[in-house]
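# Descriptive structure summary
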Amino acid sequence: MKRKNLLRKFISVSAAALMLAGVLAGCGGEAAEPAEETGTEETTQTETTGSFRTLDEIKESGKIVIGVFSDKAPFGYVDESGEYQGYDVYFAERIAQDLGVEVEYVSTDPASRVEYLTTGKVDIILANFTVTEERAQQVDFALPYMKVMLGVVSPDGALISDVEELNGKDLIVVKGTTAETYFEKNYPDVTLQKYDEYADAYNALLDGRGDAFSTDNTEVLAWALSNPGFTVGIDALGNADTIAPAVQKGNTTLLDWINSEIEALAGENFFHADYEATLAPVYGEAADPDALVVEGGVVE
């Protein structure tokens, strides 16, 4: 399957699912070590164990704390100079600028994103966070800024091009991701090989410890383009979902500000500029930015 087809399917695939994700989304520095995992995010626990900082408290402190990935290029990663970079980080920098505060980044892994909010370790999660009904029971999502589905990358010599080909095989996933949840629910005959970090998962694929790796199709495409010998054989799997910022449940002052910010940034096509600065150098002509970017929180 040609890589240029990836992401162009978003507009036509599962429009109803995207509308649902948009409804859910409308409701409401220095790296730290990820917390020890206590389970996946898809649980029914809704109890808040930490206190959040209101918008005024954040402004008064002069600092906003944002959880991002440190190993998921080109969305959130640490470069050779030790600086955070990527699509999510570009947005985080603008949030801090428009709030008039400094930003402190906290490195998170997928399974810790909900915990970091509920314990008050971060004010916002901007870590390629897919909106789901289960997560919306535990955190408050702001408006979306990206569209996404699942993808599967595998070696060219043993390319997986149909999900049924994974039955009886070892599929690499990262704990706490929608890929883990999707395959556990829909494909029990697929053996899941689970890792805490994206870097470990990709190393497992490179070393041949698994037959394929599944995560967001935007991410596997970026990785395959940088790693000859691997191809995204399945480029649109599961629901058509959205990516959105998240705050601790009940933090309405911060949530409302983020929503207003996303709406206002549409006037300057901010997320298209973000795409050009952080994703276009990776994707080139292999992806259509209009099939990925969401402006003003409106999914088209």
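In this report, we go over the structure that sits alongside the text. (Residues numbered from 1 in each chain as written. Predicted model: local features only at pLDDT ≥ 70, side-chain atom pairs only at ≥ 80, totals over all residues. Heavy atoms only, no water.)

Ordered in space as β5-β1-β6-β13-β7, the 5 strands form an open sheet in which the pairing is mixed. Each of the sheet's edge strands pairs with one partner strand only, and the pair in question is β5 (102–107) and β7 (139–141). When strand β1 (residues 63–68) meets β5, the two strands line up parallel, connected through 6 bridges. Of the residues in β5, the one forming a bridge with Val-68 is Ser-107. Relative to the sheet, helix α3 (residues 87–99) contacts β1, β5 and β6 (124–125), its axis offset from that of β5 by approximately 145°. In the packing of helix α9 (residues 252–265) onto the sheet, the strands contacted are β6, β7 and β13 (246–248), and the crossing angle to β13 comes to about 165°. (Pairing = 2+ DSSP bridges. Helix = DSSP H or I, 4+ residues; strand = E, 2+ residues; numbered from the N terminus. Contact = heavy atoms within 4.5 Å. Axes fitted to C-alpha atoms, helices over the stretch in contact; angles between N-to-C directions.)

This part covers helix α10 (residues 270–278). Buried within α10 are the following residues: Phe-270, Phe-271, His-272, Asp-274, Tyr-275 and Thr-278. Elements in contact with the buried residues of α10: α3, α9 and α11 (280–283). (Buried < 20%, exposed > 50% of the residue type's maximum accessible area, 1.4 Å probe, protein only.)

So, on to the sheet that holds strand β2 (residues 71–72). Spatial strand order, β2-β3-β4: 3 strands in an open sheet with antiparallel pairing. With one partner strand each, in any of the chains shown, β2 and β4 (84–85) form the two edges of the open sheet. Judged from the 2 bridges that link them, strand β3 (residues 76–78) and β4 form a sheet pairing that is antiparallel. Note on β4: the bridge partner recorded for Val-78 is Tyr-84.

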